[in-house]
Amino acid sequence: MKTAAIVTALAFAAGALLGALARRAAAAPQIEATQAVDPAAAAPSAAARSELPEFKAAVPASPAAPAPPTVAELRARFDKLAAARDGEGLLQLIRDCQAAGPHAYPLALEIGVLIENDSRHGPRTLGLNYRHSDRLYWGGLYFAASWALAHPEGLSDEVMAYAVWTTGRGAESKRPGALQLLLAYIESAPAGENRKQAAGFLYSATKDSAPEIQAFIRRHPDEPAMVDPLVSSLIWQGNPEADALIEELARTPRDEKATISLLDLAGHRASDSAVALLNGFASDPRPAVQEEARFQLIRARPPVQGNLVEKCDPAGKAHAAGLRRGDIVTAWNGVEFSTQDELRKAQKPTIRDTKASFPVVVLRGCEKVTLTVTWGEFHDGASSRFTRETK
């Protein structure tokens, strides 16, 4: 009984299995035919779809980008805003000019000049103040200004002066590329105030860009008014290249005024090579150069500690009282001193009564000279500074 049931179950299972296999074999050709269809070939292309009416109805056309305003349109706005003395509107117009592109940069700078003249120097009829002008200097017009330095053709001197000032402020705040723009402008700009102003901004950049500044100085040794302040900056920063630059500049022919400027640099530097240079000029045939070299030698290598008279106007009361440039004050009101603190203590009683006379002792060359002066006379037309340490 059990055996017959088992056989019947097995037969039923075998029949079900054979039926399933037969149905799968019958469906196989249909599956292969379905897999053989290429969907890309059956579907329309993107280009074809875009031409279908239902596609055009479903996707609206993209709006065309508005054309940037022309200079004529921007200038018309400028004329209206300037006539209305609308300072805020002019500030917005500057932003619009810079957004419009380089063709509108000159107008942006022109507006900046107007705001500068009104808010800082003028009657302030635009409703703006110097802070608005400062914001334009420190970045608001930087891109237009830097563009102008690279494209100065056709721009007025006033606009170029503003562009130089704005880019120079960028150099002071270490904006990338500002120094290079100034250097390139100086190389190609004609002589004049704008070029001189651009060179003045290099002064603050000497520390971080010393190699570029040194190369610039070497390219322009015959322009002392421009390069000497840069050498001075390198000296104050303790740059060791200053000695070589001073020596190179000394080999370039200079007139009397420029030579005196170079000797002043050597006196500031006070290195051994600078002192050797000063000793050479101490026998120069030009009396003014001789005198300057000898003074700078005292400044670089003072024989004693004291208060060195650096300037003494021949028309001043100090000169009339007997004081001379190059004198080293060593005693004040009977009190000798060798430090600044000692000098201040000796000066205190004489400050209270500026009209009272008192003696001062000065070293002039190898001779000590006693002068009688008042506080007012000593400081009339004269300036002094405590000497560096003697060597």
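Computed from a predicted model, the values in this text were never measured in an experiment.

### With respect to the packing of aromatic side chains
- One pass over the structure, following the stated rule, counts 7 aromatic pairs.
- Ring centres 5.9 Å apart and planes at 70° place the aromatic pair Tyr 142 and Phe 143 in the edge-to-face group.
- In this structure Tyr 142 comes out as buried when scored by relative accessible area, which is 5%.
- Taking relative accessible area as the criterion, Phe 143 reaches 52% and is therefore assigned exposed.
- Taking 4.9 Å as the distance between ring centres and 80° as the angle between the ring planes, the aromatic pair formed by Trp 332 and Phe 378 counts as edge-to-face. One end of the pair, Trp 332, is in strand 2 (residues 328-332); the other, Phe 378, is in helix 21 (residues 375-378), with 46 residues separating them in the sequence.

### With respect to helix 16 (residues 256-269)
- Counted at 1.5 Å a residue, the expected span for helix 16 with its 14 residues is 20 Å, and the 20 Å between its end C-alpha atoms agrees.
- Considered for burial, the residues of helix 16 that qualify are Ala 258, Thr 259, Leu 262, Leu 263, Leu 265, Ala 266, Gly 267, His 268 and Arg 269.
- Looking at the buried side of helix 16, the elements it contacts are helix 14 (224-236), helix 15 (241-250), helix 17 (272-281) and helix 18 (287-300).
- N-capping of helix 16 is provided by Asp 255, with a side-chain oxygen placed 3.3 Å from the backbone N of Lys 257.
- Immediately downstream of helix 16, the backbone of Ala 270 shows phi near 60°, a positive value.

### What about the pattern of salt bridges?
- Evaluated as defined, the whole model comprises 19 salt bridges.
- Salt-bridge contacts for Asp 284 lead to Arg 286; the nearest nitrogen and oxygen are separated by 2.9 Å.
- Accessibility expressed as a relative area gives 25% for Arg 286, which makes it partly exposed.
- Taking the shortest distance from any N to any O, the salt bridge between Asp 341 and Arg 344 comes out at 2.7 Å. One end of the pair, Asp 341, and the other, Arg 344, are both in helix 20 (residues 340-352), 3 residues apart, so they sit about a helical turn from each other.
- In this structure Arg 344 comes out as partly exposed when scored by relative accessible area, which is 45%.
- Via salt bridges that share partners, Asp 264, Arg 299, Glu 310 and Arg 385 belong to a single interconnected network.

Calculation rules
- Residues numbered from 1 in each chain as written.
- Predicted model: local features only at pLDDT ≥ 70, side-chain atom pairs only at ≥ 80, totals over all residues.
- Heavy atoms only, no water.
- Phe/Tyr/Trp six-rings, centres within 6.5 Å; stacked < 30°, edge-to-face > 60°.
- Buried < 20%, exposed > 50% of the residue type's maximum accessible area, 1.4 Å probe, protein only.
- Helix = DSSP H or I, 4+ residues; strand = E, 2+ residues; numbered from the N terminus.
- Expected span 1.5 Å × (residues − 1).
- Contact = heavy atoms within 4.5 Å.
- Polar contact = N/O pair within 3.5 Å; in protein donor to acceptor, adjacent residues only side chain to side chain.
- Salt bridge = Lys/Arg side-chain N within 4 Å of Asp/Glu carboxyl O.

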